[in-house]
Amino acid sequence: MAESKLDYLTQEQVDQFRTDGYLRLPNFLEPDEVEALLLRSKQLLDNFSIEEHPLTKFTTGDDNHVGDEYFLTSGDKIRFFLEEDAIGPDGKLNREKQKAVNKIGHGLHEQDAVFRKVTLENEKMKAVVRDLKFHHDPVALQSMVICKQPHIGGEVPEHNDSTFLYTNPPSALGFWIPLEKCTPENGALSFLPGSHLTAPITKRFVRMPGGGTGFEHLVPPEEAPPNPQGKYILEACMPGDLVLIHGSVLHKSERNTSSHTRFAYTFHMIESPPHAEYDAKNWLQPTPETPFPHILDTPNPTVVPVGA
Ligand SMILES: O=C(O)CCC(=O)C(=O)O
């Protein structure tokens, strides 16, 4: 296929994303943009009311994923999910609220001007989206600040994003921007390169008919292929880098054992109809007031599919 003109990425970067299923773009944001995001994240932590908070913890295991109303209605709001280890046996916070939050989500890109600017009003971001040709007409689905608090910042086990942000066909694409240096000690992300080509999406995270959330199998569990094995690559990152994450690539992050936070801003895009279907089973639902915002002013005329 003839290569078309690229606006931000090089053809080598596009090819690397297609081969590995992820791509780190150093220095994507300017230092003042990173500073603004970090400052705003800290202001949000300072300003939220812990007295009115339901003490919802953010858990990521297969058996105990978060699924209460506070979580399920957070798609168009700015809400605060707590580290499991920040709540003591008495059910109360065991540290100051600023050091207890696992993540802030899931409507930062809509509700907050600082996050909106880098997500929806960012010409460089749009250029990356055009160059990747991953989606015809992407919409922003959700956004989060992941805090990875010192000592208690929980591990994120091996997963792929299209399981949690499901469309038919799968189309999730993650944008992950460290706001602080990410090291092996503070829980940098690591990836299984190429796993997006061999690990199909076999289950999806849904609202359960009886309430809460759980997984629906897309193939019978006994027929689901085991996750591919291989060598994970740890991506140490600097503030302002952008890591693009294919929705099928396996990735994870370890517990933060250091005494420093590891703030990162991340958001996800999905394809929109008629190219992909987003249904009512998904945990995150758009509302009439806040439909998922489109990213591109003009949809990509062609896309180049990649993945299992
Ligand atoms: O920031 C992290 O540690 C994990 C992020 C992640 O895995 C995701 O957003 O899919």
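Everything discussed here concerns the structure shown above.
Here's a quick rundown of the structure. (Residues numbered from 1 in each chain as written. Predicted model: local features only at pLDDT ≥ 70, side-chain atom pairs only at ≥ 80, totals over all residues.)

When its secondary structure is counted, the chain shows eight helices and 13 strands. For the chain, whose C-alpha radius of gyration is 18 Å, the value lies close to the compact-globule estimate of 19 Å for 308 residues. With the C-alpha coordinates aligned to their principal axes, the bounding extent of the chain is approximately 60 × 50 × 45 Å. Buried positions account for 41% of the 308 residues belonging to the chain. (Helix = DSSP H or I, 4+ residues; strand = E, 2+ residues; numbered from the N terminus. Rg over C-alpha atoms; globule rule 2.2 N^0.38 Å. Buried ≥ 20, exposed ≤ 12 C-beta atoms within 10 Å, placed from the backbone.)

Strand order in this open sheet of four strands is β5-β12-β7-β10, and the pairing throughout is antiparallel. At either margin of the open sheet sits one strand with a lone partner, and together these are β5 (156-159) and β10 (233-234). The pairing of strand β7 (residues 189-191) with strand β12 (residues 251-253) spans three bridges and is antiparallel. Looking at β12, one finds that Leu189 is bridged to Ser253. (Pairing = 2+ DSSP bridges.)

With that settled, consider the nonpolar core. In terms of nonpolar packing, the biggest core is built from 64 residues, with Tyr22, Val145, Ile177, Val243, Leu244 and Ile270 touching the most fellow members. Looking at this core, the element that brings in the most residues is strand β4 (residues 139-146), giving six residues. Once residues within four sequence positions are removed from consideration, Val243 is found in contact with Tyr22, Arg24, Trp176, Leu189, Glu235 and Cys237. (Core = buried A, V, L, I, M, F, W, Y, C linked by C-beta atoms within 7 Å. Contact = placed C-beta atoms within 7 Å.)

With that out of the way, let us pick up the site of the ligand. What surrounds the ligand is the set Ile146, Lys148, Val156, Asp161, Gly174, Trp176, Gly187, Leu189, His251, Ser253, Ala264 and Thr266. Elements with a contribution of two residues or more to the shell around the ligand: β6 (173-178), β12 and β13 (264-270). Of the residues belonging to the shell around the ligand, the class tally is five nonpolar, five polar and two charged. (Near = placed C-beta within 6 Å. Nonpolar A, V, L, I, M, F, W, Y, C, P; charged D, E, K, R; others polar.)

So, on to the pairing of strand β9 (residues 213-217). Here strand β8 (residues 203-207) runs beside β9; their pairing, made up of five bridges, is antiparallel. Across the sheet, residue Lys203 finds its bridge partner in β9, namely His217. Hairpin connection, β8 to β9: the antiparallel pair is bridged by five residues, and Gly211 has positive phi, about 110°.

A rise of 1.5 Å per residue sets the reference length of helix α2 (residues 31-47), with its 17 residues, at 24 Å; its end C-alpha atoms lie 24 Å apart and thus fit the reference within 8%. The set of residues buried in α2 consists of Val34, Leu37 and Ser41. The arc that holds every buried residue of α2, seen down its axis, measures 65°, which confines them to one face. Exposed residues pointing more than 90 degrees away from the buried face of α2 are listed as Pro31, Asp32, Leu39, Gln43, Asp46 and Asn47. On its buried side, α2 packs onto β3 (101-106), α5 (113-119), β4 and β13. (Expected span 1.5 Å × (residues − 1). Arc of directions from axis to C-beta.)

Attention shifts here to the environment of Asn94. Among the structural elements, Asn94 can be located in the loop between β2 (78-82) and β3. If we skip the residues at most four places from it in the chain, Asn94 touches Ala86, Ile87 and Gly88.

Moving on, we come to helix α6 (residues 123-132). Among the residues making up α6, those that are buried are Met125, Val128, Val129, Arg130, Asp131 and Leu132. On its buried face, α6 sits against α1 (11-20) and α5. Following α6 by one or two positions, Lys133 adopts a phi angle in the positive range, close to 55°.

So, on to the sheet that holds strand β11 (residues 242-246). Strands in a sheet are paired, the pairing made by backbone hydrogen bonds, and the direction either parallel or antiparallel. Spatially, β1-β11-β6-β13-β4-β3-β2 is the arrangement adopted by the seven strands of the open sheet, whose pairing is antiparallel. The sheet is open, and its two edges are formed by β1 (22-25) and β2, each paired on a single side. Within this sheet the neighbouring strands show an average axis-to-axis angle of 20°, counted without direction. Contacts between α1 and the sheet are confined to β1 and β11, with β1 contributing the most and set at about 140° to the helix. In the packing of α2 onto the sheet, contacts are made with β2, β3, β4 and β13, and the angle to β3 comes to roughly 105°. (Axes fitted to C-alpha atoms, helices over the stretch in contact; angles between N-to-C directions.)

Time to look at the environment of Asp32. Note on placement: Asp32 falls in helix α2. Of the residues examined, Asp32 has 9 C-beta atoms within 10 Å and is grouped as exposed.

Attention now moves to the environment of Asn122. Among the secondary structure elements, Asn122 is positioned in the loop between α5 and α6. The sequence separation of Asn122 and Gln16 amounts to 106 residues, and the corresponding C-alpha distance is 23 Å.

Residue His106 is reached from Gly105 by a cis peptide bond, and omega for that bond is 0°. One can find His106 in strand β3. Going from Asn168 to Pro169, the amide bond is cis rather than trans, its omega being 0°. In this fold, Pro169 is placed in the loop between α7 (161-164) and β6. In this structure, Asn27 takes a positive phi of about 55° despite not being glycine. Examined against the element boundaries, Asn27 turns out to sit in the loop between β1 and α2.

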